[in-house]
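Geometric and topological summary
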Amino acid sequence: MSAADTTTPAKVPPPRPAPPPPSALRRPRAKAGSAGAGTPWLLLAPCLLILVLVMGYPLVRLVTLSFQKFGQSQLWGFQPAESVGFDNFTNVLGDSEFWSVVVRTIVFAAGCVIFTMVLGMLIALLLQRVSGWVKTLINIALVASWGMPIIVATTVFKWLFDADYGILNAVLSRLPGVDMIGHNWFASGPQGLAVIMLLVIWGAVPFVVITLSAGLTQVPKELEEAARLDGAGAWGVFRYVTLPILKPIIVMLTTLSVIWDMGVFPQVFVMRNGHPEAEFQLLTTYSYDRAFVVNDYGQGSAIALITVLLLLGVVAVYMRQMLKIGEVE
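First, a word on scope: everything that follows refers to the structure included in this document.

The rules behind the values
Residues numbered from 1 in each chain as written. Predicted model: local features only at pLDDT ≥ 70, side-chain atom pairs only at ≥ 80, totals over all residues. Heavy atoms only, no water. 1 Å grid on protein atoms, 1.4 Å probe; cavity = no way out; pocket = protein on both sides within 12 Å on 5 of 7 lines; lining within 4 Å. Points joined across faces, edges and corners; volume = space filled by probe spheres on them. Helix = DSSP H or I, 4+ residues; strand = E, 2+ residues; numbered from the N terminus. Nonpolar A, V, L, I, M, F, W, Y, C, P; charged D, E, K, R; others polar. Buried < 20%, exposed > 50% of the residue type's maximum accessible area, 1.4 Å probe, protein only. Contact = heavy atoms within 4.5 Å. Axes fitted to C-alpha atoms, helices over the stretch in contact; angles between N-to-C directions. Parallel < 35°, antiparallel > 145°, perpendicular 65-115°, else oblique. Left-handed = near helix turned anticlockwise from the far one by under 90°. Polar contact = N/O pair within 3.5 Å; in protein donor to acceptor, adjacent residues only side chain to side chain. Salt bridge = Lys/Arg side-chain N within 4 Å of Asp/Glu carboxyl O. Core = buried A, V, L, I, M, F, W, Y, C linked by side-chain atoms within 4.5 Å. Expected span 1.5 Å × (residues − 1).

Any empty space left between the atoms is revealed when a probe the size of a water molecule rolls over them. Considering only enclosed or pocket space, the largest pocket measures out at about 810 Å³ in volume. Pro58, Leu59, Leu62, Ala304 and Val308 are, among the 24 residues lining the largest pocket, the residues nearest its centre. Residue contributions to the lining of the largest pocket peak at 9 residues, all from helix 2 (residues 22-66). Looking at side-chain class alone, the lining of the largest pocket contains 17 nonpolar, 6 polar and 1 charged residues. A volume near 370 Å³ is recorded for the second largest pocket. If you go around the second largest pocket, you meet 20 residues; those closest to its centre are Ile150, Val200, Gly203, Ala204 and Gln267. Elements represented by at least two residues in the lining of the second largest pocket include exactly helix 6 (132-147), helix 7 (150-160), helix 9 (189-216), helix 11 (234-262) and helix 12 (266-271).

Even without being glycine, Asn273 reaches a positive phi, approximately 60°. With respect to the helices and strands, the residue Asn273 is situated in the loop between helix 12 and helix 13 (283-293). A positive phi angle is found at Asn295, which is not glycine, with a value near 65°. Inspection of the secondary structure puts Asn295 in the loop between helix 13 and helix 14 (297-328). We classify Asn295 as partly exposed; its relative accessible area is 22%.

The next point concerns the environment of Met197. As for its position among the elements, Met197 is in helix 9. Along the backbone, Met197 and Val268 are 71 residues apart, and their C-alpha atoms lie at a distance of 9.5 Å. Setting aside its immediate chain neighbours within four residues, Met197 contacts Phe108, Gly111 and Cys112.

Pairs of packed helices are described in terms of their axes, by the angle between the two and the distance that separates them. Contact geometry of helix 5 (residues 96-127) with helix 11 gives a least axis separation of 10 Å together with a crossing angle of 140°. Judged by the inter-axis angle, helix 5 sits oblique to helix 11. In the crossing of helix 5 with helix 11, the sense of the turn from one axis to the other is right-handed. When helix 5 is examined against helix 11, the residues Thr105, Phe108, Ala109, Cys112, Val113, Met117, Met121 and Leu125 are found in contact with a partner set consisting of Phe238, Leu246, Ile250, Leu253, Thr254, Ser257, Val258, Asp261 and Met262. Here the residues of the contact of helix 5 with helix 11 are counted per class, giving 13 nonpolar, 3 polar and 1 charged.

Moving on, we come to the environment of Thr255. Along the chain, Thr255 falls in helix 11. A relative accessible area of 9% places Thr255 in the buried class. Sequence separation between Thr255 and Leu311 is 56 residues, and the spatial gap between their C-alpha atoms is 9.6 Å. The residues contacting Thr255, other than those within four sequence positions of it, are Val314 and Tyr318.

Let us look at the side chain of Gln281. Mapped onto the secondary structure, Gln281 falls in the loop between helix 12 and helix 13. Here Gln281 falls in the buried class, since its relative accessible area comes to 5%. A distance of 3.2 Å separates the side chain of Gln281 from the backbone oxygen of Pro276, its partner in a polar contact. Setting aside residues no more than four positions away along its own chain, Gln281 makes contact with Val101, Arg104, Pro276, Tyr286 and Asp289.

Within the secondary structure layout, Thr217 lies in the loop between helix 9 and helix 10 (221-229). Taking the C-alpha atoms as reference, Thr217 lies 8.7 Å from Gln128; in sequence the two are 89 residues apart.

This part is about the pattern of salt bridges. Enumeration according to the criterion identifies 5 salt bridges in this entry. A salt bridge links Asp95 to Arg290; the nearest nitrogen and oxygen atoms lie 3.7 Å apart. Separated by 195 residues along the polypeptide, Asp95 in the loop between helix 4 (87-93) and helix 5 and Arg290 in helix 13 bring together distant segments of the chain. A relative accessible area of 19% means that Arg290 is categorised as buried. A cluster of three or more residues bridged by salt bridges with shared partners is formed by Asp95, Glu97 and Arg290.

In this section: the nonpolar core. Judged by nonpolar contacts, the single largest core of 32 residues is most densely connected at Phe98, Leu212 and Leu283. For this core, the secondary structure elements donating two or more residues are helix 4, helix 5, helix 9, helix 11, helix 13 and helix 14. Filtering out sequence-adjacent residues up to four positions away, Leu212 remains in contact with Gly120, Met121, Ala124, Ile249, Ile250 and Leu253. Phe108, Ile196, Val200 and Val209 belong to the second largest nonpolar core, which has 24 residues in total.

This part covers helix 5. Between its first and last C-alpha atoms helix 5 spans 46 Å; for 32 residues at 1.5 Å apiece the expected length is 46 Å, and the two agree. The opening residue of helix 5 is Asp95, an N-cap whose side-chain oxygen sits 3.1 Å from the backbone nitrogen of Glu97.

Written out as structure tokens, the structure reads:
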């Protein structure tokens, strides 16, 4: 028997099937993509419908009134509403008092936002360095202050800063050389707005702290350790590692704070007993006074619409920043 007879024949592997043509692979993907593109809109449809029902009619009515002469006679039906075109906007924009209110509102909102973000960031960083039970107590205090109704918080602040019975004046008067008994914090606009600003910051800081604390948990410890090994100090780690990672959250919080603080109304209204003086007027209270005190609903609607347009500008800046962040990521 020869060696050729005893050799086992080699097995030939079966031929591989030919790959499908590119057109066959692309068709299912196109169908899946078209179906998936409509899913988010389908899920958002109930929320969008509620927003249209709740906010659609008031916004349309606001725009309509801003182009009309509408007072008590029109409100009670004695006279029909008269279209005046852009006269309401011309009168408002030509009023120097309106521009004083605009500047005061911007300064007030900017101060509230800056102090809220700075204090919120400091407290959030502090919570990362305290023990568990201390962190729990601070979080409970933050949630309690955040959940307190605005009217209750405003009433408490009115008592704290009261000229005759305020505890703050009594405590400050115990300091050597300080006599604050009977001091009226609302005798001047800057002092009174500073008190209201403190009230707004007190109510806004908890949300910022809780949100930033959640964001800080997503900062990789490896990056912080690597930055320290490279010689970066605490400020360097925060600036080059923590801050870039938290940038989307900071942009979101800043934008929301601007919108909320430019729309402050109950704090000023209740703190001044329903009749804010001229030096305490913000855009919201100024619009309310024009509509319900002067009974010029058309001009009050025009001021409110200008405020809405200003806030839409803030939202546009926010959307642009978020799109830039998405492109970078």
